[in-house]
Amino acid sequence: MTEKTMPETQLPLKAEARNLSFFYGNFQALKNVNMPIYDKRVTSLIGPSGCGKSTYLRCFNRMHDLYPGNRYEGAIDFHPDHTDLLSSKVDPIEVRMRISMVFQKPNPFPKSIYENVAYGLRVRGESARSVIDDKVEAALRSAALWGEVKDRLNEQGANLSGGQQQRLCIARSLATDPELMLFDEPTSALDPIATASIEELITELKEKVAILIVTHNMQQAARISDYTAYMYIGEMVEFGETDQVFIKPNKKETEDYITGRFG
Amino acid sequence: MNSTVITAENIVLMQQVSDRLKKDFSRHLKERVIEAILFLAAFLSVFTTTAIVYILLKESWIFFQHVPLTDFLFDTQWTPLFDDAHYGIMVLLSGTITSSMVALLVAIPLGTIIAIYLSEFAPFSVREIAKPFLELLGGIPTIIYGYFALLFVTPLLQKIFPELPGFNLLSAGLVMGVMIIPYVASLSEDAMRAVPMALREGSYATGATRLQTSLRVVVPAATSGIAAAYILGISRAVGETMILAVAAGMQPNLTFNPAEPGATITSFIVQVALGDLPHGSIGYQTIFAAGLSLMLLTLVFNLIGFYMRKKYREAY
């Protein structure tokens, strides 16, 4: 499952969290997290509810900036240009132009299927119809949705089934050619068949882009990710190649969680 | 196997259950009394509406036996109390439409902008102060707005347009617009705030700015609620009485020029109802014909509103 042609040290980094702490008001939700994200690999975050994995994910596109009282400490070094994603000098809009996100519950906009996918291009000021047409088609093809919707691009996105809506949201976040894609439990609201198609999609997408995914489902992490991080109460307990974390974890806590003795 | 077979054992059980379900007279009576009160309350509103419609139709029927419908619709004069009486409702309708248009040109853009600001941009503390003030604006008696239009806004406008008459539809319409802003803003804001945060997050995550998120995602998602707010605004404008009676002049005048004085359906009804018309005279009957026209007009807007709510209802 995992490609092991390159040793870990030579894999290109896409991002690196350094001493990342995060506070909701006075509550510290993340404690000194250090973790690499490798380019063109799937990294999954596992851990019990409330362990901070979604909080961590949402640091990458500065989602926490939307709500007052949130504070970051430390840095996320984003490669290749070594931008610190958390720096107050960096515009969160710029960050989100490079890093896209798919949410837990499909959230298509109250627009047509076409306009949903074109949204990211339009907010970037793209207005050439031919460019948007091409990008929309390419994104829908990559999201394995083109065949199902090509004859009804003008229908409302909300008319699609739950699994299709989620693939529409993936197409929406693909259309802008992101460098890193964040997935926040993308299949937790879907049935097993829709889940399987999303998992397959994520495996295909990693050829083009770095992927960071939060999942509640350990089998899912084992199936689709190259690297796995186990988090517990705001701390990064263990990070490693998925096979190693699942088969031979270094830490006792990780083993307890993975074997179901806890969590 | 039939599980409802009666045996010695379960007959006792059934007895116990039916003991608990036995009619308790006082509980039963209380239920019936409350039911009756609830029914009466619901019935009263239906009865009132039906009665109003019945009386309007009955009295208008008498009116239309004296005045042909074609005269009512197409005559260009409205002089029901003169010896040479004319009954052209178009005259009053033009005043109503002109003043409402002026009011809506003020209330809809401003109300929408205020709603977008309060819902999407204002910090929590600003919204907590601004919204009650805004709603207070809606609680001011309209007679005060009327005198404000006549004694403050009209003189102000006359400085810019010296030939503007003392009574005019423009000043009344502008002030009426200010009066309607709170209704439009408050309801639109409620509709926008009801848009789930997940949609906004989706938009921000795509790299959209706050303004793009507000205009391209939140407003479209709240279309049905915003449309309802506009319709309520239109109904308020069409039905508004005191501001127009005080500031617009009550002179029946077939015009769509807001710089002229004019009478609206509502201000005509006030004028006539305050006079001493003999009951049963044709002048008295005109009130009901005018009232019926007003009711039909608001009914049309309510139907449009109902249709828009259905058409644009978003499932998020």
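Residues numbered from 1 in each chain as written. Chains lettered and ligands numbered in written order. Predicted model: local features only at pLDDT ≥ 70, side-chain atom pairs only at ≥ 80, totals over all residues.

Q: Can you help me understand the overall build of chain B in this one?
A: Counting its regular elements, chain B contains 13 helices and zero strands. Taken over C-alpha atoms, the radius of gyration comes to 28 Å for chain B, far larger than the 20 Å a tight globule of 316 residues would show. The principal-axis extent of the C-alpha atoms belonging to chain B is close to 100 × 65 × 30 Å. When burial is assessed residue by residue, chain B has 39% of its 316 residues classed as buried. Of the contacts made within chain B by residues no fewer than 6 positions apart, 75% connect residues no fewer than 24 positions apart. (Helix = DSSP H or I, 4+ residues; strand = E, 2+ residues; numbered from the N terminus. Rg over C-alpha atoms; globule rule 2.2 N^0.38 Å. Buried ≥ 20, exposed ≤ 12 C-beta atoms within 10 Å, placed from the backbone. Contact = placed C-beta atoms within 7 Å.)

Q: Teacher, can you tell me more about the interface of chain A and chain B here?
A: You'll often see interface size given as the accessible area lost when the parts meet. Counting residues at the interface gives 22 residues for chain A and 18 residues for chain B. Only α2 (92–98), β6 (99–102), α3 (113–123) and α6 (162–174) of chain A provide two or more residues apiece to the side of chain A that touches chain B. Its residues placed into classes, the side of chain A that touches chain B shows 11 nonpolar, six polar and five charged. (Nonpolar A, V, L, I, M, F, W, Y, C, P; charged D, E, K, R; others polar.)

Q: Can you walk me through unusual backbone geometry in this structure?
A: Leave glycine aside and you will find that most residues have negative phi; peptide bonds, for their part, are mostly trans. All names here are of chain A. The omega torsion of the bond from H79 to P80 falls at 0°, within 30 degrees of zero and hence cis. Relative to the elements of secondary structure, P80 occurs in the loop between β4 (70–78) and β5 (83–84). Positioned with a positive phi, E185 is a non-glycine residue whose angle comes to about 45°. Relative to the helices and strands, E185 is located in the loop between β7 (180–184) and α7 (192–205). The exposure class of E185 is buried, given the 20 C-beta atoms found within 10 Å.

Q: Where do I start with the nonpolar core in this structure?
A: Soluble globular proteins: nonpolar side chains tend toward being buried together. Core analysis: the largest hydrophobic core is formed by 129 residues, its most contacted members being A171 and L180 of chain A together with V175, V184, I243 and A247 of chain B. L93, I265, I287 and A290 of chain B belong to the second-largest nonpolar core, a separate cluster that totals 19 residues. (Core = buried A, V, L, I, M, F, W, Y, C linked by C-beta atoms within 7 Å.)

Q: Is there a simple way to explain the pairing of β6 of chain A in this structure?
A: Within a regular strand, side chains alternate between the sheet's two faces. All names here are of chain A. Going residue by residue along β6, you find I99 and M101 tucked away on one face and S100 and V102 tucked away on the opposite face as well. The pairing of β6 with β7 spans four bridges and is classified as parallel. Across the sheet, M101 pairs through a bridge with L182, a residue of β7. (Pairing = 2+ DSSP bridges.)

Q: It is not clear to me how the domain arrangement of chain B should be interpreted in this structure. Could you clarify?
A: Residue and element names in this part refer to chain B. By domain assignment, chain B separates into domain 1 (24–66) and domain 2 (89–312). The distance between the C-alpha centroids of domain 1 and domain 2 comes to 30 Å. Across the contact, seven residues belong to domain 1 and eight residues belong to domain 2. (Domains from an automatic or database assignment.)

Q: Quick question: what am I supposed to make of the sheet that holds strand β2 (residues 27–38) of chain A here?
A: Whether parallel or antiparallel, the strands of a sheet pair through hydrogen bonds between backbone atoms. Residue and element names in this part refer to chain A. Across the sheet, four strands lie side by side as β2-β1-β4-β5; this open sheet has antiparallel pairing. The open sheet is flanked by β2 and β5, the only strands paired with a single partner. As judged from the eight bridges shared by strand β1 (residues 13–24) and β4, these two strands associate in the antiparallel manner. Residue pairing in the sheet places R18 in a bridge with A75 of β4. Those strands touched by helix α1 (residues 53–60) are β1, β2 and β4, and its axis lies near 65° from that of β2. (Axes fitted to C-alpha atoms, helices over the stretch in contact; angles between N-to-C directions.)

Q: Explain the sheet that holds β7 of chain A to me, please; I cannot follow it from the model alone.
A: Residues and elements named next belong to chain A. Read across the open sheet, the six strands follow the order β6-β7-β8-β3-β9-β10; overall the sheet is mixed. The sheet is open, and its two borders are formed by β6 and β10 (235–241), each paired with just one other strand. Between one strand axis and the next, the sheet turns through 20° on average, direction left out of account. The pairing of strand β9 (residues 227–232) with β10 spans six bridges and is classified as antiparallel. Its bridge partner being in β10, Y230 is matched across the sheet by E238. Relative to β6, α6 is tilted by about 175°, and along the sheet it contacts β6 and β7.

Q: What is the right way to look at the packing of helix α7 (residues 169–193) of chain B against helix α10 (residues 223–239) of chain B in this model?
A: All names here are of chain B. Between α7 and α10, the least distance of the axes is 8 Å, while the angle of their chain directions is 160°. Viewed along their axes, α7 and α10 adopt a mutual orientation that is roughly antiparallel. You can see that α7 and α10 cross each other, and the crossing is right-handed. Counted together, M176, I180, Y183, V184, L187, S188, D190 and A191 of α7 and G225, I226, A228, A229, Y230, L232, G233, R236 and A237 of α10 form the full contact between these two elements. Grouping the constituent residues of the contact of α7 with α10 by class yields 12 nonpolar, three polar and two charged. (Parallel < 35°, antiparallel > 145°, perpendicular 65-115°, else oblique. Left-handed = near helix turned anticlockwise from the far one by under 90°.)

Q: I tried to follow the packing of α3 of chain A against helix α4 (residues 129–142) of chain A on my own but got confused; where do I start?
A: Between two packed helices, the angle of one axis relative to the other and the distance separating the axes together describe the packing. Residues and elements named next belong to chain A. At their nearest, the axes of α3 and α4 sit 9 Å apart, and the two run at 115° to each other. In terms of axis orientation, α3 runs roughly perpendicular to α4. Crossing of α3 against α4: the hand is right-handed. On the side of α3, the interface is formed by Y114, V117, A118 and L121, while α4 contributes I132, K135, V136, A139 and L140. Tallied by class, residues from the contact of α3 with α4 come to eight nonpolar, no polar and one charged.

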